[in-house]
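Observations on the model geometry
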Amino acid sequence: MSYLKFDRRLMANLDESTQREYIRTNRKGAYCCSSIVGCNTRKYHGVLVIPVPELSENNHVLLSSLDLTIVQHGVPFNVGIHEYEGDIFSPKGHKYIREYNVDIASSTTYRVGGVVLQKEFLFCHYTNRMLQRYTLLEAHSRTTLRLSPFLAFRDVKMLTHRNDQYHGDYGQAKSGVTFCLYPGYPTLYLQLSKAHNFVSDPHWNERIEYVKERERGYEYTEDLYVPGYFEVDIEVGESIYFSAGVEEADPDTLAQLFAEERKIRTPREDFRSCLLNAALQFYYRPDATHGYLLAGYPWFGVRARDLFIALPGCTIYADAPERFYRIMDTVLPDMRAFMRQEGISKEIRNINEGDIGLWAIWTLQEYARWSSLPDMVSRYGDFLDELIHYYLRNVHPNLRIDDNGLCVMTGDGRPLSWMDAKINGQAVVRREGYLVEVNALWYNALCFYREALPQKWTPELEELLSRVQQSFCDTFINQHGYLFDYVPPHTSWRDWSVRPNMVFATSLPYSPLPKATRRSVLEIITRELRTPKGLRSLSPKSDGYQPQCHGTQWQREQSYYNGSVWPWLLGPYFEACIKLYGRSAISFIENTLIGMEEELQQHGVGTVSELFDGNPPFKGRGAISFAMSVGELLRSLALLEEAKSKYDTQILPIIRYE
């Protein structure tokens, strides 16, 4: 039985099936994405969505959808589906779906009368090419397939409307045709593995609606150009392959290419294997030498903080250390260039923010934990040394070391931490001064530096470390047993909001807090912030709590860090639980992970969302696949296995969700 499988009842219920989305990516930053029923609900959805850096930094939708029509006895049955104004769906292809299965290749099985047809698709790893395989499983008479491409050729943040500027003429390719609707775009090659007819029938399909964009307060209607359709006969037991790419394929090798791509994929057969597949999808290799992690899909690029937080889980704890080495070899030169004031990376966003270096040190710490401290020192010791002394020189634009040893972050009102929601350029949650997680990271970084490079440790640094520890306790601990989220320097004002950032003072390898305080902090986090899907960004007891992350962009920005749940915070939370409660934390963590496993069948099928609503039923929101969420859950599984081994607890598999 397949691990991720959806039957005809769910697929026929559009209220359910259109809420579940799939994402398939390649290493070039391209992707294929839609709802599992095949109805596009976002402007980001498409069969072939690729980077076109010559036009913009965003991805571009070339092929929006590919409608399939099954013809029997001259009668066409269109099994595609689109939504139009007035909640009208046409055609209603969902009623022919018998099963949607996510194993190695995503597979949809249709039944039309006596015809049973299976459609599978894969996205090629290192070329911008989508492959589909159509296999006729049953039929009692001649069967013909029609494939109608819906072309967009637009930026993912824009929408296409009927116009006179498009170039509707098509060219010839080997067993196919080519299109390029607008100047500056690459040529789109549409090809089949079998002889066929391409019937020219150019027209605009108008007023297609994207319900997710309507919900988010954006423009939500689009017109798409349909140039005609491919028509091909298919026999029982026969497979026909379709390719959509920006390079011409050899039609005679499409079957072999599909088989090769399928062979190198990890089957989705349990929680961890789904996370491994999801982690691989963030891996971005624009050329032969560079490597990055994209922050998420379908709309994020490379972001420095997300990269370092997600990196351990998405690489070394995903059994892919080669990805870790390539990404570090790519990113560290850009970090060094920034520290030496030689320029700021154009590929990695926000690399100049104050806490990025501290997250990088945590990443090195995780690497040392996975490999060994001598190996870390051999590979990255010089960088660690340079990074620590960069902070000590007090030359960062918006972070300095105060006289009390703590890090002070200042700015012009823009976001300075991972809580980066903003409206009109100003942070929704304005955190300036001494930030609790930044200073927990700073104390941890100094301790790790002492451990890794003792020959460079000095009495002056030892005195600084003692000062940081004392100042941290004096500044952040309050009489109610938790930590202030941030404190403006040299004032009596304190932020009493109960937020999850204090978890890092309990979870990091080195904590400035006494054990009793760590226990108290963790108890309050558990009582007020913990949910089955992660930690709330604000306690329901605090002023300004907004648990529902939906509506217009302004409404969503307000709620991101004022109550929404962030699953990536489960990583540090679980780590703190293990440190403080040992064996007794194991079953608690297992039960929480079982709840997270259920999410693989929800918002982003086979992956984990960016965030969730703060109140039940904790609906998935934001990006359908988020690197920090996936990475920290993979690291959590590694922490759990390590704890079981340490406490000699029988290692059992996580219960499967059926």
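Everything here concerns the structure above.
Now for a look at the structure at hand. (Residues numbered from 1 in each chain as written. Predicted model: local features only at pLDDT ≥ 70, side-chain atom pairs only at ≥ 80, totals over all residues. Heavy atoms only, no water.)

Regarding empty space enclosed by the protein
Put simply, the rule is: A pocket, in this scheme, is an open set of points on a 1 Å grid over the protein atoms alone with protein on both sides within 12 Å along at least 5 of 7 lines, while a cavity is a set where a 1.4 Å probe fits but cannot get out; residues line either one if an atom lies within 4 Å of a point. Grid points are joined across faces, edges and corners, and a volume is the space filled by probe spheres set on the points. Counting from the N terminus, the helices are DSSP H or I runs at least four residues long and the strands are E runs at least two residues long. Only Asp, Glu, Lys and Arg are considered charged in this grouping, and only Ala, Val, Leu, Ile, Met, Phe, Trp, Tyr, Cys and Pro are considered nonpolar; every other residue, Gly among them, is considered polar.
Evaluated as defined, the whole model comprises 5 cavities of 30 Å³ or more. Put simply, the largest cavity is a space of about 340 Å³. What lines the largest cavity is a set of 28 residues, among which Tyr22, Gly38, Leu66, Lys119 and Gln132 lie closest to the centre. Counting only elements with at least two residues in the lining of the largest cavity, the list comes to strand 3 (31-35), strand 4 (46-51), strand 5 (59-72), strand 9 (97-102), strand 10 (106-112) and strand 11 (115-123). Here the element with the most residues in the lining of the largest cavity is strand 5; it accounts for 5 residues. Split by residue class, the lining of the largest cavity holds 14 nonpolar, 12 polar and 2 charged. As a volume, the second largest cavity reaches approximately 70 Å³.

What to know about helix 6 (residues 304-314)
Selection rule: Remark: exposure states derive from per-residue accessible area (1.4 Å probe, protein chains only) relative to the maximum for the residue type, with buried under 20%, exposed over 50%, and partly exposed in between. Note on contacts: a residue pair is in contact if any heavy atoms of the two residues lie within 4.5 Å.
The element helix 6 is extensively covered by neighbouring structure, given that 11 of its 11 residues are classed as buried. Residues Ala304, Arg305, Asp306, Leu307, Phe308, Ile309, Ala310, Leu311, Pro312, Gly313 and Cys314 constitute the buried set of helix 6. Looking at the buried residues of helix 6, the elements they touch are helix 5 (271-281), strand 21 (292-293), helix 7 (321-339), helix 8 (356-370), strand 34 (625-626) and helix 17 (627-646).

What to know about the packing of helix 6 against helix 8
Put simply, the rule reads: Axis definition: a line fitted to C-alpha atoms, limited for helices to the stretch in contact. Angles are taken between N-to-C directions and run from 0 to 180 degrees. What sets the label is the angle itself: under 35 degrees gives roughly parallel, over 145 gives roughly antiparallel, 65 to 115 gives roughly perpendicular, and the rest give oblique. Definitions for this section: a left-handed crossing has its near helix turned counterclockwise from the far helix by less than a right angle. A right-handed crossing has that turn clockwise.
In the contact formed by helix 6 and helix 8, the axes pass within 9 Å of each other and the chain directions differ by 10°. Compared by their axis directions, helix 6 and helix 8 come out roughly parallel. The interaxial crossing formed by helix 6 with helix 8 has left-handed handedness. When helix 6 is examined against helix 8, the residues Ala304, Arg305, Phe308, Ile309, Leu311 and Pro312 are found in contact with a partner set consisting of Ile356, Trp359, Ala360, Trp362, Thr363 and Glu366. Class assignment for the residues of the contact of helix 6 with helix 8 results in 9 nonpolar, 1 polar and 2 charged.

As for the sheet that holds strand 16 (residues 188-192)
For the record, the criterion: Here the rule is simple: two strands pair whenever DSSP picks up at least two bridges between them.
Reading across from one edge, 1-9-10-11-12-19-16-15-14 is the order of the 9 strands in this open sheet, with antiparallel pairing throughout. Strand pairing shows two members of the sheet lacking a second neighbour, strand 1 (4-7) and strand 14 (171-173), which therefore form its edges. Taken over all neighbouring pairs, the strand axes of this sheet differ in orientation by 20° on average, direction set aside. Alignment of strand 1 against strand 9, held across 4 bridges, turns out to be antiparallel. Across the sheet, phenylalanine 6 pairs through a bridge with tyrosine 100, a residue of strand 9.

Some details on the packing of aromatic side chains
Pairs of aromatic rings are described using the distance from one ring centre to the other and the angle between the two planes. Defined as follows: Note on ring pairs: Phe, Tyr and Trp rings are taken, using the six-membered ring of Trp, and paired if centres are within 6.5 Å. Classes follow the plane angle, with under 30 degrees stacked, over 60 edge-to-face and the rest tilted. By definition, being over a ring means that NZ of Lys or CZ of Arg is both within 6 Å of the ring centre and within 35 degrees of the ring normal.
For the structure shown, the criterion picks out 44 aromatic pairs. A ring pair is formed by tyrosine 166 and tryptophan 204, whose centres lie 5.2 Å apart and whose planes are at 85°; its orientation type is edge-to-face. Placement of the pair is tyrosine 166 in the loop between strand 13 (143-155) and strand 14 and tryptophan 204 in strand 17 (residues 197-209), with a sequence separation of 38 residues. Centre to centre, the rings of tyrosine 486 and tryptophan 493 are 5.6 Å apart; their planes meet at 40°, and the pair counts as tilted. Tyrosine 486 sits in the buried class, given a relative accessible area of 13%. You can call tryptophan 493 partly exposed: its relative accessible area is 43%. Among the aromatic residues, those joined into a cluster by ring pairs are Tyr44, Trp299, Phe300, Trp359, Trp362, Trp418, Phe504, Tyr560, Tyr561, Trp566, Trp568 and Phe626. Its guanidinium or amino end placed over the ring of tyrosine 325, arginine 379 lies 4.0 Å from that ring's centre, counting from NZ or CZ.

So, to be careful, I would describe these as geometric facts and stop short of saying anything about function.
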